[in-house]
Amino acid sequence: MYGAEVEADARGFYERMRREHGPVAPVLLPGDIPAWLVTGHSEILEVVRTPSKYSRDSRRWNAFQQGLVAPDSPLMPMLAWQPLCVFADGGDHQRLRGAVTRGLDRFDRRGVRRYVTRYADQLVDGFCQKGEADLIGQFSEHLPMLVMTQLFGMPDEAGPQLVNALRDLMKGTETALASNAYVVEVLSKLVADRRRTPRQDLPSWLLLDEAELTDEEVVEHLRLILVAANETTVNLIANVLRVVLTDPAFRRSLAGGQLQLPDALEMVLWDDPPLAVVPGRWAVNPTRLGEVDIHEGDLLMLALGAGNVDPRVRPDVTASVAGNRAHLAFSGGPHECPGADVGRAIAETGIDVLLARLPDLQLSVPEGELRWTSSWLARHLAELPVDFTPVLPKPAPAAATPSAYPQSPQQAPATPYPAYDPASAPFSSGAVSAPAVGGPTRRVPWWRRLLSLLQR
Ligand code: HEM
């Protein structure tokens, strides 16, 4: 599952595995480490829904136990165990994840949508007079993170700096470590503030939750949420916009009302899920899946994108899936994405605002010239250049910032947030361990950056 074939056409590779081996295929990961690629829809569901047989705890991996994975293996950032809900099972998982889901559930959905509208309008204002834009770099890459900083109750002035730092660390440039240190510092200050004076926001709810998370656990889970929410939602927005811009029938159905935006989103979640592969689950005991024998401690890679086009569930992939949410884009079972509603709300509302403000958007290069970056876990559009009839920015609203939740009566002044300067001494000093990410120009796969950063 590495090398030229996967990098050039990961989907083609998954389909070849399905043809040659059926729904559970033996594959080799970098370093020639064996794993199972699960491409069957029902087999993926069986794995994610049976945690007693398939654990999320990577310390069970037989390849780790046999010393097959070198400490500098590119698999380490993604698969090395960390004290996060992602790697926990049973009671530990329930405790950590329970706090996250209860926190996210407290948001008023309409309030979240108001935030999205506000930020989508601001982003469109930034380029609407120019008549051209890159919808990845100027829209979809910013929107999810701007909304998340508001759900974290951060002051407006902290938002753009945090967004810049998060984008920088996700890009894996030479300042990524300094940016990561900045993010941790900002989140630590935020958590310390909310420990003293709770408000109506996600950090406070995590701190006050019955699970009694430590401050460190709250900081780490806030960072997990930011990263997990960002790349996936950016991808979803980009994938929907690409279909809108390249498929005239799709756009006509949307404009004519035959297709609603939520249905369009689900279609894209079926055909082009933001996370194509989840790595993974580990067999608790020897077992049998599909037609193959799995050994204790074997790693299973869940190919969600391939599962979504499994011919046993979609014999005709062109047939409509409107109203059908049985796709695997958010996985399933106890680890199923807890942010699915928030991700959908950001993507749907953001796209709605964009298309309403710039109704004649069109791609400014032929579809075949769109550039992609891809890895074994996901593929991304690198840019989405468009042109449109220039329009005026929206007049500034007179009303105060809308809230996604009832405001707390006591709005104690928060600790000022540090200024973001990735080159500044405290964050770029040797206080932070050596980067596992690439140099200034090399773009490192997001999943690797994510896990390496979460590990710190
Ligand atoms: C459209 C956007 C999104 C997609 C497609 C997506 C997809 C996923 C997938 C496939 C997983 C892995 C589940 C597994 O291990 O089986 C996951 C986990 C997770 N996601 Fe999302 N996600 C999205 C948005 C979000 C958002 C907006 C948030 C937070 C607000 C979020 C928070 C998380 C967390 C905390 C986990 C770990 C859950 C656990 O291990 O219990 N995600 N997501």
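The rules behind these values
Residues numbered from 1 in each chain as written. Predicted model: local features only at pLDDT ≥ 70, side-chain atom pairs only at ≥ 80, totals over all residues. Helix = DSSP H or I, 4+ residues; strand = E, 2+ residues; numbered from the N terminus. Buried ≥ 20, exposed ≤ 12 C-beta atoms within 10 Å, placed from the backbone. Pairing = 2+ DSSP bridges. Expected span 1.5 Å × (residues − 1). Contact = placed C-beta atoms within 7 Å. Axes fitted to C-alpha atoms, helices over the stretch in contact; angles between N-to-C directions. Parallel < 35°, antiparallel > 145°, perpendicular 65-115°, else oblique. Left-handed = near helix turned anticlockwise from the far one by under 90°. Nonpolar A, V, L, I, M, F, W, Y, C, P; charged D, E, K, R; others polar. Core = buried A, V, L, I, M, F, W, Y, C linked by C-beta atoms within 7 Å. pLDDT = per-residue confidence, 0-100. Near = placed C-beta within 6 Å.

Looking at an unreviewed UniProt entry, one finds the protein named Cytochrome P450, with Streptacidiphilus fuscans as its source organism.

Account for the overall build of the protein, with residues named and values stated.
In terms of helices and strands, the protein carries 19 helices and twelve strands. Going through the 456 residues of the protein one by one, you find that 46% of them count as buried.

Account for the sheet that holds strand E9 (residues 362-363), with residues named and values stated.
Overall, antiparallel pairing links the three strands, which are arranged E4-E12-E9 in an open sheet. The outermost strands of the open sheet, each flanked by one partner alone, are strand E4 (132-134) and E9. As judged from the two bridges shared by E9 and strand E12 (residues 385-387), these two strands associate in the antiparallel manner. Note that in E12 the partner of Gln-362 across the bridge is Asp-387.

Please set out unusual backbone geometry residue by residue, giving values where relevant.
Here Pro-279 and Gly-280 are connected by a cis peptide whose omega angle stands at 5°. For Gly-280, the location among the structural elements is in strand E5 (residues 277-283).

Please give an account of helix H7 (residues 109-127) that cites residues and values.
Compared with an ideal rise of 1.5 Å per residue, which puts 19 residues at 27 Å, H7 spans 28 Å between its outermost C-alpha atoms and is within 8% of the ideal. Turning to H7, the residues buried within the fold contact helix H8 (136-140), helix H9 (143-151) and helix H17 (340-357).

Describe the sheet that holds strand E8 (residues 299-303), with residues and values.
Here five strands make up an open sheet; going across it, the order is E1-E2-E8-E5-E3 and the pairing mixed. Taken across any chain shown, the strands that pair with only one partner, and hence form the sheet edges, are strand E1 (24-29) and strand E3 (54-55). Strands E1, strand E2 (33-38) and E8 of the sheet are contacted by helix H2 (residues 10-21), whose axis makes an angle of about 130° with E1. Lying over the sheet, helix H3 (residues 41-49) contacts E1, E2, E3, E5 and E8, oriented at roughly 125° with respect to E8.

I'd like to hear about the packing of helix H11 (residues 176-196) against helix H13 (residues 215-246), residue by residue, with values.
One can describe the packing of H11 onto H13 by two numbers: an axis separation of 9 Å at closest approach and a directional angle of 130°. Classified by the angle their axes make, H11 and H13 are oblique. With respect to the hand of their crossing, H11 and H13 are arranged in right-handed fashion. Only Asp-215, Val-218, Val-219, Leu-222 and Arg-223 of H13 make contact with H11, whose side of the interface consists of Val-183, Val-184, Leu-187, Ser-188, Val-191 and Arg-195. Across the contact of H11 with H13, the residue classes tally to seven nonpolar, one polar and three charged.

An account of the nonpolar core is requested, with residue identities and associated values reported.
Formed by 127 residues in total, the largest nonpolar core has its most connected members in Leu-37 and Leu-302. In terms of residue count, H13 provides more of this core than any other element does, 16 residues in total.

Tell me what's going on with the confidence of the model for the protein, and back it up with residues and numbers.
Mean pLDDT over the protein works out to 85, with 85% of the residues at or above the 70 mark. In the predicted structure, residues 400-414 sits below a pLDDT of 50 and forms 26 contacts with residues beyond four places in sequence or in another chain. The low-confidence segment residues 424-456, where pLDDT is below 50, has 58 contacts with residues more than four positions distant or belonging to other chains.

How would you summarise the environment of Pro-393 if you had to cite specific residues and measurements?
Residue position: Pro-393 is located in the loop between E12 and helix H18 (425-428). Once the C-alpha coordinates of Pro-393 and Asp-121 are considered, the two residues, 272 residues apart in sequence, prove to be 8.4 Å apart. With residues near it in sequence (within four places) discarded, Pro-393 still touches Asp-125, Cys-128 and Gln-129.

Quick rundown of the environment of Thr-101? Include the residues and the values.
Within the secondary structure layout, Thr-101 lies in helix H6 (residues 90-105). According to the C-beta neighbour criterion, Thr-101 is partly exposed, with 14 such atoms within 10 Å. Residues Thr-101 and Gly-339 lie 238 residues apart in sequence; the distance between their C-alpha atoms is 8.0 Å.

Describe the site of the ligand, naming the residues involved and giving the relevant values.
The environment of the ligand is made up of 27 residues, and the closest members are Thr-232, Ser-331, Cys-337, Gly-339 and Gly-343. When residues in the shell around the ligand are grouped by element, the largest group, seven residues, is from H13. Looking at side-chain class alone, the shell around the ligand contains 19 nonpolar, six polar and two charged residues.

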